[in-house]
Amino acid sequence: MAVDIAELERQARSLLAPEVYDYYAGGSGSERTLRASVSAWQQHWLMPRVLRDVSTVDTSVRLPGLPGTVARTPIAIAPTGFQGLAHAEGEVATARGAARAGALMVLSTRSSSKIEDVAGTVAREGGAWWFQVYVMRDRTLTARLVERAVAAGARALVLTGDTPVVGRKRRDRTEGVVSDAELLANIGPLADMSLTGQATDVTFADIGWLAGLSGLPVLVKGVLRADDARACMAAGAAGVIVSNHGGRQLDRAVPTALALPPVAAELGDPATVFADGGLRTGADVLAALGLGARAVFLGRPVLWALACGGADGVRDLLTAMTSDLAYEMALAGAPDLASLAGVTRTPGSA
Ligand code: FNR
């Protein structure tokens, strides 16, 4: 049976406090982007190849900062904040589940678990993680977090570029729900909380700043335009993640299913293109990879799995979605991820 994310979400909803469910599920503004993000993948069709040897199907992938093919799946975990609201073990449980599924995890700046605790878990399990960076108003706080992530073994940084201010969400009632311990898990007590707010003056130059500070590859998350993707690469990025933040930033921002093809065409190098947003089935993932993404990230589905089953839930979700992907790769005549190039066809495009 294929993974049923809608059912997983229903189960999670019955377990979570309503305000936590709404914080996770909600989007900004009228939620137009949120609603379109899932359905937009449906407009792509697949063009399977026949008479290919698919007696083995290999889903392993090379990712920036990771030696060889440490990742056994191109389905990775997007950074989402405050996972302690979904499960007592928070990001530590997510990290264990991801590593056991052979999947990469991206840890949010706004995690409920400490960077070092997540890193220790990943190291014990033999996995890999990247660290997501929100540049805070106090750049020395940001730099300290990055230095800690590097010391703890992060393999790359993900600079979130779409959040100069936080999107307004009607459904968000988390004030008082997110504890100080969670808000400040990675920062510690602060006299002035405004220092942790988003810096509004982040530019392409900060890609170089973070690369110099960390010595790690830097990917930029939240890119929706081909010209921005080009500018990120020119500024030294190792890749871009085509993302609209799961419909939580600019409402009416384009669904990633539509933004991905022009970005992939502009960069022309599948090693540098990634995507997230609204991916709910193996076939969605296949479509994204066929459009030129090297790997994809899941946000909310991981939160639902974490709420329902902790580390095992996360492992089972990633394993089952990867198995759905492998099955569909076989049907598409693709024994490995490189063979997916050109498998996705969008009516009306050249
Ligand atoms: C997010 N996202 C996010 N992104 C980021 O760069 N840093 C963060 O801390 C967060 N936090 C966060 C919290 C919650 C509750 C959600 C739902 C999302 C965005 C996330 O990384 C990703 O872009 C989307 O979630 C992908 O869309 P789907 O898979 O949720 O549809």
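Treat the numbers as computed from the prediction; the structure is a model and nothing was measured.

> Whenever I open this one, the overall build of the protein chain confuses me. Can you help?
The helix and strand tally for the protein chain stands at 12 helices and 10 strands. In terms of C-alpha radius of gyration, the protein chain reaches 19 Å, essentially the compact-globule figure of 20 Å for 350 residues. Looking at the protein chain as a whole, 55% of its 350 residues qualify as buried. A separation threshold of at least 6 residues defines the contact pool for the protein chain, and within that pool the share at least 24 residues apart is 75%. Of the roughly 14400 Å² of accessible surface on the protein chain, a fraction of 54% belongs to carbon and sulfur atoms. Between the averaged position of the 33 positive side-chain charges in the protein chain and that of its 35 negative side-chain charges there is a distance of 3 Å.

> Sorry, what's going on with the packing of helix α2 (residues 18–25) against helix α12 (residues 300–332) here?
Each pair of packed helices can be described by the angle between their axes along with the distance between the axes. Between α2 and α12, the least distance of the axes is 10 Å, while the angle of their chain directions is 155°. As summarised for this structure, α2 and α12 are arranged roughly antiparallel, according to the angle between their axes. Along its contact with α2, which presents Tyr21, Tyr24 and Ala25, the element α12 presents Arg300, Leu303 and Trp304. When its residues are assigned to classes, the contact of α2 with α12 shows five nonpolar, no polar and one charged.

> What is the right way to read the site of the ligand from this model?
Taken together, 24 residues form the shell around the ligand, and within it Pro79, Ser108, Thr160, Asp276 and Arg280 come nearest. Here an oxygen atom of the ligand sits 2.7 Å away from a polar atom, N or O, in the side chain of Thr160. In the environment of the ligand, a nitrogen atom lies 3.3 Å from a nitrogen or oxygen atom belonging to the side chain of His245. In isolation the ligand offers 610 Å² of accessible surface; the protein chains occlude 98% of this area. Elements represented by at least two residues in the shell around the ligand include exactly α2 and α12. It is α12 that contributes the most residues to the shell around the ligand, three residues altogether. Split by residue class, the shell around the ligand holds eight nonpolar, 11 polar and five charged.

> Teacher, can you tell me more about the packing of aromatic side chains here?
Any two aromatic rings considered together are summarised by their centre-to-centre distance and by the angle between their planes. Inspection of every chain in the model, using the stated rule, returns seven aromatic pairs. Measuring from centroid to centroid gives 5.4 Å for Tyr21 and Trp304, while their planes differ by 25°, and the two rings are stacked. Taken as a pair, Tyr21 in helix α2 and Trp304 in helix α12 lie far apart in primary sequence, 283 residues in all. Through a chain of ring-to-ring contacts, the aromatic side chains of Tyr21, Tyr23, Tyr24, Phe82 and Trp304 assemble into a single cluster. Across the ring face of Trp209, the terminal group of Arg139 is positioned such that the distance to the ring centre comes to 5.7 Å. Lying over the aromatic face of Tyr23, Arg248 brings its terminal NZ or CZ to 5.0 Å of the ring centre.

> When you look at the pattern of salt bridges in this model, what are you seeing that I'm missing?
Note that side chains of opposite charge can pair when their charged atoms are close. Scanning all chains against the criterion turns up 13 salt bridges. Among the ionic pairs, Asp22 bridges to Arg173, the shortest N-O distance being 2.8 Å. Of this pair, Asp22 sits in helix α2 while Arg173 is found in the loop between β5 (157–160) and α7 (180–183), placing the two residues 151 residues apart along the sequence. Residue Asp22 is classed as buried on the basis of its relative accessible area of 13%. Its relative accessible area of 42% is what places Arg173 among the partly exposed residues. Across the pair Glu89 and Arg96 runs a salt bridge whose closest N-O atoms are separated by 3.0 Å. Several salt bridges share partner residues, and in doing so they unite Asp22, Glu31, Arg171 and Arg173 into one network.

> Even after reading the chapter, I still don't get a positive patch on the surface, so can you show me in this structure?
A grouping of Arg32, Arg35, Arg170 and Arg252 is seen on the molecular surface, where their side chains present a positively charged patch. For Arg170, a relative accessible area of 70% translates into the label exposed.

> Just checking my understanding: could you explain unusual backbone geometry for this structure?
A negative phi angle is the norm for most residues apart from glycine, just as the trans form is the norm for most peptide bonds. Although it is not a glycine, Glu31 sits at a positive phi angle of roughly 65°. Of note, Glu31 is situated in the loop between α2 and α3 (32–39). For His245, which is not a glycine, the phi torsion comes out positive at approximately 65°. Locating His245 in the fold gives a position in the loop between β7 (239–242) and α10 (256–267). Using a relative accessible area of 14% as the deciding quantity, one classes His245 as buried.

Conventions we followed
Residues numbered from 1 in each chain as written. Predicted model: local features only at pLDDT ≥ 70, side-chain atom pairs only at ≥ 80, totals over all residues. Heavy atoms only, no water. Helix = DSSP H or I, 4+ residues; strand = E, 2+ residues; numbered from the N terminus. Rg over C-alpha atoms; globule rule 2.2 N^0.38 Å. Buried < 20%, exposed > 50% of the residue type's maximum accessible area, 1.4 Å probe, protein only. Contact = heavy atoms within 4.5 Å. Areas by Shrake-Rupley, 256 points an atom, 1.4 Å probe, with all protein chains shown as cover. Lys, Arg positive; Asp, Glu negative; His and termini not counted. Charge placed at Lys NZ, Arg CZ, Asp CG, Glu CD. Axes fitted to C-alpha atoms, helices over the stretch in contact; angles between N-to-C directions. Parallel < 35°, antiparallel > 145°, perpendicular 65-115°, else oblique. Nonpolar A, V, L, I, M, F, W, Y, C, P; charged D, E, K, R; others polar. Near = heavy atom within 4 Å. Polar contact = N/O pair within 3.5 Å; in protein donor to acceptor, adjacent residues only side chain to side chain. Phe/Tyr/Trp six-rings, centres within 6.5 Å; stacked < 30°, edge-to-face > 60°. Lys NZ or Arg CZ within 6 Å of the ring centre and 35° of its normal. Salt bridge = Lys/Arg side-chain N within 4 Å of Asp/Glu carboxyl O. Patch = residues over 30% accessible without salt bridge, like charges linked within 9 Å, V, L, I, M, F, W, Y side chains within 5 Å.

Remember that the coordinates give geometry; whether it matters functionally is a separate question.
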